Amino acid sequence: MILKGEVIHGKEKGRKIGFPTVNLLPEAGFSLPETGVYASKVVLMEKPRPFIGITNVGLRPTADDENGITIETHILDYEGDLYGQKIELEICDFLRPIQKFESMEALGEQLKKDKENARKLFLKRAEV
C-alpha cells in the first residue's frame, strides 16, 4: 500500500527518545492499512533512493491518550527537516500490533528492535 502526502508537525515526543518521526497528512482519497507498526519504504522528493522506515499507523497509547489515528514514520539513516514536503510512503511488512509501554524509554527499546527487524527484512530481499 502506498500513501502520499505532506509532512506535518507532530508533538515531537519520538525525538526525545532518539526516534524522530515524520507525521504524514495523506492526500485525499486514501485508505489505511490495519493499525500496527510496519516496515516501510520512504521516498523523499529530494533523494533519488528510498529509505527504510518504521511506521506506526493508529493510536499512540504510550505517548498520549488522544484518540486520533496518526501515520508516523521514523526514517532510518536520515537526518533533516521535511516539514511541508511531500513524501511517498510504502507500507510493506507488518512488524507488530500497537501496544502501550510502561514508559517512553521502554517504547524506545522496542523501537530499536523494530528498526533492526525492518532492516533485516529489506536486506533479506535486497531491496534497499
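In this text, all values refer to a predicted model and were calculated from it rather than measured experimentally.

A. View of the overall build of the protein. Counting its regular elements, the protein contains one helix and six strands. Reading the secondary structure of the protein in the N-to-C direction produces β-β-β-β-β-β-α. Over its C-alpha trace the protein gives a radius of gyration of 14 Å, about what one expects of a compact globule, namely 14 Å for 128 residues. Each principal axis of the C-alpha atoms in the protein carries an extent, and together these give about 40 × 35 × 30 Å. For the protein, buried positions account for 40% of its 128 residues. Put simply, of all contacts in the protein between residues at least 6 apart along the chain, 67% involve residues at least 24 apart. Roughly 7,300 Å² of accessible area belongs to the protein as shown, and the carbon and sulfur atoms make up 51% of that amount. Side chains of the protein give 19 positive and 21 negative charges; the mean places of these two sets differ by 3 Å.

B. Seen up close, the environment of glutamine 85. Checked against the element boundaries, glutamine 85 lands in the loop between strand 5 (70-75) and strand 6 (86-96). Take glutamine 85: its relative accessible area is 26%, and that puts it in the partly exposed class. Between the alpha carbons of glutamine 85 and lysine 112 there is a distance of 26 Å; along the sequence they are 27 residues apart. Excluding residues within four positions of it along the chain, glutamine 85 makes contact with Gly5, Glu6, Val7 and Glu46. Within polar-contact distance, the side chain of glutamine 85 engages the backbone oxygen of aspartate 81 at 3.3 Å.

C. Representation of helix 1 (residues 104-125). The first and last C-alpha atoms of helix 1 sit 31 Å apart over 22 residues, in line with the 32 Å expected at 1.5 Å per residue. Every buried residue of helix 1 is accounted for by Leu107, Gly108, Gln110, Leu111, Asp114, Ala118 and Phe122. For helix 1, the arc enclosing every buried residue in end-on projection is 160 degrees, short of the 170-degree limit, so these residues lie on one face. What points out from helix 1, more than 90 degrees from its buried face, is the exposed set Glu105, Lys113, Lys120, Leu123 and Lys124. Summarising the contacts, the buried residues of helix 1 are in contact with strand 3 (36-44), strand 4 (51-58) and strand 6.

D. Structural view of the pairing of strand 5. Across the six residues that make up strand 5, a large majority, five, are buried. Strand direction decides the pairing type here: strand 2 (residues 22-26) and strand 5, joined by two bridges, are antiparallel. When the sheet's bridge partners are listed, asparagine 23 is paired in strand 5 with glutamate 72. Of the pairings in the sheet, the one linking strand 4 to strand 5 comprises six bridges and is antiparallel in character. Bridge pairing in strand 5 places valine 57 opposite isoleucine 71.

What counts and what doesn't
- Residues numbered from 1 in each chain as written.
- Predicted model: local features only at pLDDT ≥ 70, side-chain atom pairs only at ≥ 80, totals over all residues.
- Heavy atoms only, no water.
- Helix = DSSP H or I, 4+ residues; strand = E, 2+ residues; numbered from the N terminus.
- Rg over C-alpha atoms; globule rule 2.2 N^0.38 Å.
- Buried < 20%, exposed > 50% of the residue type's maximum accessible area, 1.4 Å probe, protein only.
- Contact = heavy atoms within 4.5 Å.
- Areas by Shrake-Rupley, 256 points an atom, 1.4 Å probe, with all protein chains shown as cover.
- Lys, Arg positive; Asp, Glu negative; His and termini not counted.
- Charge placed at Lys NZ, Arg CZ, Asp CG, Glu CD.
- Polar contact = N/O pair within 3.5 Å; in protein donor to acceptor, adjacent residues only side chain to side chain.
- Expected span 1.5 Å × (residues − 1).
- Arc of directions from axis to C-beta.
- Pairing = 2+ DSSP bridges.

In short, geometric facts, not functional conclusions.
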